[in-house]
Amino acid sequence: MGELILANEATGEEMTLNMGPQHPSTHGVIRFIIKTDGEIMREAVPDVGYLHRAIEHIAEKCTYEGFMPYTDRVDYVCAMPANHAWALAVEKLAGLEVPERAEYLRVITDELNRISSHCIALGAMAMDVGAITPFTYILREREYVNELLEMICGARLTYNYHRIGGVGWDMPAGWRDKVLAWCDHFAPVMDEFDRLITNNALFVQRLAKLAVIAADEAIDYGLVGPNLRAAGVDFDVRRDVPYSIYPKLKFEVPVGRGLVGTVGDAWDRYWVRAQEWRQSVSMVRQCLAQIDATAPEFWKAPKKLKPVGDAMARVEAARGDMSCYVVGDGGTNAYRARFRTGSFNAMGIIRDKSRGLMVADLVALIASLDVVAPEIDR
Amino acid sequence: MSDEVARDANVEANSDAAVSRVRADEWRATAERLRADGFDFLQNLTAVDWIKEERIELVYHLWSYARRQERVVKIDLPRGEPTVASVADVWRAANWYEREQYDLLGVRFAGHPDLRRILMPEDWPGHPMRKDYVEAPSYNGMPTTRANTLELLPIWDKPTWDKK
């Protein structure tokens, strides 16, 4: 096989292929123009914008409160942190206080949503490299999380749960026990998933040393979140630019170690997310243990919201540093809002990283970066 | 670096990062100095269209991983011909950020290796995030507006809030 490829390379026959925008393994509506020589890629040029819904423009057209449902659509796989980013930015801009109970509820929902988002990321990654079964296993878990989130806010995907100055609802009666029961149920599932996939010889062979991203490269390209940590950079917004009640929680920040290959390879990006599951479950437990001590108030709705100035809020979403920059000019609407998202930067690195990979590895690269199309285009 | 006093004290009050305003022709040198100074992560780039003041403001959010420190640089550009030096070779993340701000607000980044539209189609007219942007009624023969479905249904009364 190797000789065949080399022979092909010698002929210098270059072929241009189109992949997407409706390709099932591009994780949404993304298009690549691939230049290949045999099975080896010269480069894959991403073409984005197919899911552009002008969310930043919509923010200028509706009120600060009214924009909240739209933030769900920034990243529909992990919508809760986008809610949080918008709420945090506007609260910072207007100088609002948030009841402590709301902060706990925000963090609980953020972390539950992170777990469900990583379920998709890891399950889809396994499926993209040929392991179909784990996807169905882990999607079952995501269903449970969706049901928990549905109980608290009535929606399974686009939650619209956080509010400027708090959250929309308190947790319903009995919800805490259900979440704790699910946490107990999920612990062995993570171990099962490790046995199924993480240390599976085929999976490791397929991903170890693939598309290695070094630390300086990751920083230069602006990679964030698990992709950055997999490259060996020990940085987490929750710990290093603390917001909400994260300083009160004990958690570790998993960093890529190159356990089976090189630091920053595709397997490390997988592994970091799998470790974050455990941290998130532990954070949910801690929050549920501490929330009883808070006052029952969960939403301090602002009477008048006409802030002036600008504010930047950074939130650690499932795809890393999701920042919201908002400018107010004294009106009821934002003058300018900007969402800075992890997938946008992750797409920017693909062109460079695709050089010399096999065509099938492009799919693994996209999956390992956990790119979600709406988050790129907004 | 020209750490001028911001024109609007309110603007800076909410921000916990060091904010500086830089002239457009100094930006390139400033960027290189900041990069050498440890600000290795270009976290965000936003262009704001201040139409009444006839200016476009670029806001660069920088972050230093080593020092865990944030820095904000703001640049004012004339609204008619907003051009600034590209920093795509200083921070590679800037490549796509600059393309996006060019696409949506029409800021030109001199020296950018590949300044094409990124989100809108290549032949899209105008820059949609400009405050005075008016969408054309059709794009390549496709209408850009739709009739209000509620008005198409005669059994539904128009919502009362429309009657004012």
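These figures come from a predicted structure and were not determined experimentally. Sequence positions are assigned chain by chain, starting from 1 and proceeding in written order. Ligands are numbered from 1 and chains lettered from A, in the order in which they are written. Owing to the predicted nature of the model, reporting of local features is limited to residues with pLDDT of at least 70; listing and counting of side-chain atom pairs is limited to 80 or more, with chain, interface and lining totals taken over all residues.

This brings us to the overall build of chain B. Runs of H or I in DSSP of at least four residues are treated as helices and runs of E of at least two as strands, each being numbered from the N terminus. On a plain count of helices and strands, chain B comes out with 4 helices and 8 strands. Each helix and strand of chain B, placed in order from N terminus to C terminus, yields the pattern α-β-α-β-β-β-β-α-β-β-β-α. Residue burial in chain B is summarised as follows: out of 164 residues, 30% are buried. Around each residue's C-beta, the other C-beta atoms within 10 Å are counted; 20 or more make the residue buried, 12 or fewer make it exposed, and counts in between make it partly exposed. All C-beta atoms are placed from the backbone.

Let's shift gears to the overall build of chain A. Check the secondary structure of chain A and you find 15 helices and 8 strands. The C-alpha radius of gyration computed for chain A amounts to 21 Å, which stays within 12% of the reference 21 Å derived for 378 residues, consistent with globular compactness. Dimensions of chain A, computed from the C-alpha atoms along their principal axes, are close to 70 × 45 × 35 Å. In chain A, which comprises 378 residues, the share counted as buried stands at 53%. Throughout, a pair of residues is in contact if the C-beta atoms placed from their backbones lie within 7 Å. In chain A, once contacts between residues fewer than 6 apart in sequence are set aside, the share between residues at least 24 apart is 71%. Within these notes, the globule rule equals 2.2 Å times the number of residues to the 0.38 power, and the radius of gyration is based on C-alpha atoms.

Okay, the interface of chain B and chain A next. The interface is formed by 26 residues belonging to chain B together with 30 residues belonging to chain A. Elements that contribute at least two residues to the side of chain B that touches chain A include exactly helix 1 (9-13), strand 2 (41-50), strand 3 (55-64) and helix 3 (94-105) of chain B.

Residue and element names in this part refer to chain B. Among the 10 residues of strand 2, 9 are classified as buried, and the element is accordingly described as predominantly covered. What makes two strands pair is DSSP finding at least two bridges between them. Strand direction decides the pairing type here: strand 2 and strand 3, joined by 9 bridges, are antiparallel. Residue pairing in the sheet places Thr46 in a bridge with Val59 of strand 3. A loop of 4 residues connects strand 2 with strand 3, the two strands running antiparallel in sequence, and Glu54 in this loop sits at a positive phi of about 55°.

Moving on, we get to the confidence of the model for chain B. Residues and elements named next belong to chain B. Of all residues in chain B, 82% have pLDDT values of 70 or greater, and the mean over the chain is 81. The pLDDT value tells you how sure the predictor is about a given residue, anywhere from 0 up to 100. Confidence drops under a pLDDT of 50 for residues 1-15, and excluding neighbours within four residues, the segment shows 28 contacts in the predicted structure. Confidence metrics for the complex model read pTM 0.86 and ipTM 0.84.

This part covers the sheet that holds strand 8 (residues 334-340) of chain A. All names here are of chain A. Strand order in the open sheet formed by 3 strands is 6-7-8, and the pairing between neighbours is antiparallel. Both outer strands of the open sheet, strand 6 (308-317) and strand 8, are each paired with one neighbouring strand and no more. The sheet shows a mean angle of 10° between the axes of neighbouring strands, direction not considered. The sheet contact formed by strand 7 (residues 320-329) and strand 8 spans 6 bridges and is antiparallel. Note on strand 8: the bridge partner recorded for Val327 is Arg336. What counts as an axis is a line fitted to C-alpha atoms, over the stretch in contact for a helix, and the angles between N-to-C directions run from 0 to 180 degrees.

Let us now look at the packing of helix 7 (residues 175-198) of chain A against helix 12 (residues 266-290) of chain A. All names here are of chain A. With their axes 10 Å apart at the nearest point, helix 7 and helix 12 run at an angle of 165° to one another. Compared by their axis directions, helix 7 and helix 12 come out roughly antiparallel. In this structure, the crossing between helix 7 and helix 12 has a hand that is left-handed. Residue-level contacts link Arg176, Val179, Leu180, Cys183, Phe186, Met190 and Thr198 of helix 7 to Trp271, Ala274, Trp277, Arg278, Val281, Val284, Arg285 and Leu288 of helix 12. Broken down by class, the residue content of the contact of helix 7 with helix 12 amounts to 11 nonpolar, 1 polar and 3 charged. Angle categories are assigned with fixed cut-offs, so that under 35 degrees is roughly parallel, over 145 is roughly antiparallel, 65 to 115 is roughly perpendicular, and the rest are oblique. It is the rotation of the near helix from the far one that decides the hand of a crossing: anticlockwise by less than a right angle makes it left-handed, clockwise makes it right-handed. Charged means Asp, Glu, Lys or Arg here, nonpolar means Ala, Val, Leu, Ile, Met, Phe, Trp, Tyr, Cys or Pro, and polar covers whatever is left, Gly included.

Next up on the list: the environment of A:Ala211. All names here are of chain A. On the secondary structure map, Ala211 appears in the loop between helix 8 (201-207) and helix 9 (215-220). Ala211 gets classed as buried once you count the C-beta atoms within 10 Å, which come to 22. Residues Ala211 and Ser354 lie 143 residues apart in sequence; the distance between their C-alpha atoms is 7.6 Å. Setting aside its immediate chain neighbours within four residues, Ala211 contacts Asp265, Ala266, Lys353, Leu357, Asp361, Leu365 and Ser368.

Another aspect to go through is the environment of A:Asp370. All names here are of chain A. Within the secondary structure layout, Asp370 lies in the loop between helix 14 (359-369) and helix 15 (373-377). Taking the C-alpha atoms as reference, Asp370 lies 8.4 Å from Asn227; in sequence the two are 143 residues apart. Those residues in contact with Asp370, other than ones at most four positions away along the chain, are Ala121, Pro226 and Arg319.

Turning to the confidence of the model for chain A, a few remarks are in order. Residue and element names in this part refer to chain A. Overall, the prediction assigns chain A a mean pLDDT of 87, with 96% of residues at 70 or greater. Ranking the elements of chain A by mean pLDDT puts helix 1 (residues 2-11) last with 48 and helix 4 (residues 79-94) first with 92. Contacts for the low-pLDDT stretch residues 4-8, under 50 throughout, to residues beyond four places or in other chains number 5 contacts.

This next bit is on the environment of A:Val371. Residue and element names in this part refer to chain A. Along the chain, Val371 turns up in the loop between helix 14 and helix 15. Sequence-wise, Val371 and Ala121 are 250 residues apart; in three dimensions their C-alpha atoms are separated by 8.7 Å. Ignoring sequence-local partners within four residues, the contact set of Val371 consists of His27, Ser343, Ala346, Met347, Ile366 and Ile376.

On to the packing of helix 4 of chain A against helix 5 (residues 100-128) of chain A, then. Residue and element names in this part refer to chain A. In contact at an axis separation of 7 Å, helix 4 and helix 5 are set at 145° when each is read in the N-to-C sense. Taken together, the residues of helix 5 that come into contact with helix 4 (itself represented by Ala79, Met80, Pro81 and His84) are Arg106, Thr109, Asp110 and Asn113. Taken together, the residues that form the contact of helix 4 with helix 5 break down as 3 nonpolar, 3 polar and 2 charged.

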